[in-house]
Amino acid sequence: RGRGFVRKPTDVKFIDNRLYVNDSNNYLIQAYTSEFEFMFQFGGKGAATGEFDLVSTLCAHQMALYICDRNNDRILRYRPERAGIETLVAPGFIPGVLRRPCGAAVDQHDRIYVADRDNDCLQVFTVDGRILDTVRGVSRPTAIALTADSPAMHWVVERGRHQLSLLKPSGERIQSIRSAARGIYLTNPHDIAMDAHGRIIVADSGNRALKQFNRTGDHLAIIDMAKLSGNPSVQILSVCTTPDGSI
């Protein structure tokens, strides 16, 4: 909402007779006169230019406002005379350095594949931790399962797109099972497992269910975990299979 109404204000700075308030829960910065009259606001949740994701602090220096955009891992600068926001320090990717890794799998050649969520990639390591490869183009990956092929294909849970994707080792996308695609809805999927027959089971947390697919991505079944557990608020965060096919 904003426009003079704030939710969880966390910081305030004074520049050129204006008060700038970090309106944290509205993902806005609001400007007021020295008499606390609302003037204007800027921001909004996101990662694009002019958007924020959980600003933590503000800093005023030489007629400029420096903004710590925490969840976007960057520092922004707002100068009133230009009425625009510029990025001063942006997140940088360093191969072999992880940012919130959420899942891992090991192939038959002892290569370790890591779902590197906040770097939006898969990173591949040797068993002694040496970086081998990086697969880009995935959105907030949280889990990975490898097929028995040689080389192994990658089934990846992409929470950023609410989808399950099958990738070649090069990162080329073979197919994606997206929310609403073919009538299959995935909402906030968390984990993935593969049984001895190559069937895929996804922990579909937002729908409180397990979704089963065959090795080519065709939907097989839904297990309603809210009904099965008797808990309508159950959270499905992980899934695994046993050699006999039990889930």
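To keep things clear, this report deals only with the structure shown in the data block. (Residues numbered from 1 in each chain as written. Predicted model: local features only at pLDDT ≥ 70, side-chain atom pairs only at ≥ 80, totals over all residues. Heavy atoms only, no water.)

Here the focus is the sheet that holds strand E19 (residues 209–213). Ordered by their spatial adjacency, 4 strands build an open sheet running E17-E18-E19-E20, and the pairing between neighbours is antiparallel. For this open sheet the edge positions go to strand E17 (189–194) and strand E20 (219–224), each flanked by a neighbour on one side alone. Adjacent strand axes in the sheet meet at a mean angle of 20° when their direction is disregarded. Pairing analysis gives 5 bridges linking E19 to E20, with the strands arranged antiparallel. The residue bridging Ala209 from the neighbouring strand is Asp224, located in E20. (Pairing = 2+ DSSP bridges. Helix = DSSP H or I, 4+ residues; strand = E, 2+ residues; numbered from the N terminus. Axes fitted to C-alpha atoms, helices over the stretch in contact; angles between N-to-C directions.)

This brings us to the pattern of salt bridges. Under the counting rule described, the total for this entry stands at 13 salt bridges. Residue Arg77 pairs with Glu86 through a salt bridge whose shortest N-O separation is 2.9 Å. For Glu86, a relative accessible area of 26% gives the class partly exposed. In this structure, Asp204 engages Lys211 in a salt bridge whose closest nitrogen and oxygen atoms are separated by 2.7 Å. The class of Asp204 is buried, set by a relative accessible area of 0%. A single network of salt bridges, built from pairs that share partners, joins Arg100, Arg117, Asp118 and Arg140. (Salt bridge = Lys/Arg side-chain N within 4 Å of Asp/Glu carboxyl O. Buried < 20%, exposed > 50% of the residue type's maximum accessible area, 1.4 Å probe, protein only.)

The strands making up a sheet are joined through hydrogen bonds of the backbone, oriented either antiparallel or parallel. Overall, antiparallel pairing links the 4 strands, which are arranged E13-E14-E15-E16 in an open sheet. Single-partner strands in this sheet number two, and they are strand E13 (141–146) and strand E16 (173–178). Ignoring which end each strand starts from, the neighbouring axes of this sheet average 20° apart. Bridge count between strand E14 (residues 154–158) and strand E15 (residues 163–167): 5 bridges; the pairing is antiparallel. Note that in E15 the partner of Trp155 across the bridge is Leu166.

Taken as a whole, this structure holds 0 disulfides when the rule is applied. Summary of cysteine pairing: Cys121 is not part of a disulfide, and the nearest cysteine sulfur, belonging to Cys102, is at 12 Å. (Disulfide = S-S within 2.5 Å.)

Counted residue by residue, strand E18 (residues 200–204) has 5 buried out of 5 residues, so it is predominantly covered. Residues of E18 alternate between two faces, with Ile200, Val202 and Asp204 on one and Ile201 and Ala203 on the opposite face, all of them buried. Here E17 pairs with E18 via 5 bridges, running antiparallel. Paired with Met194 across the strands is Ile200, a residue of E18. Count of turn residues in the E17/E18 antiparallel hairpin: 5 residues, of which Gly198 carries a positive phi of about 85°. If you look at the hairpin formed by E18 and E19, you'll find 4 residues sitting between the two strands, and Arg208 has a positive phi there, around 55°.

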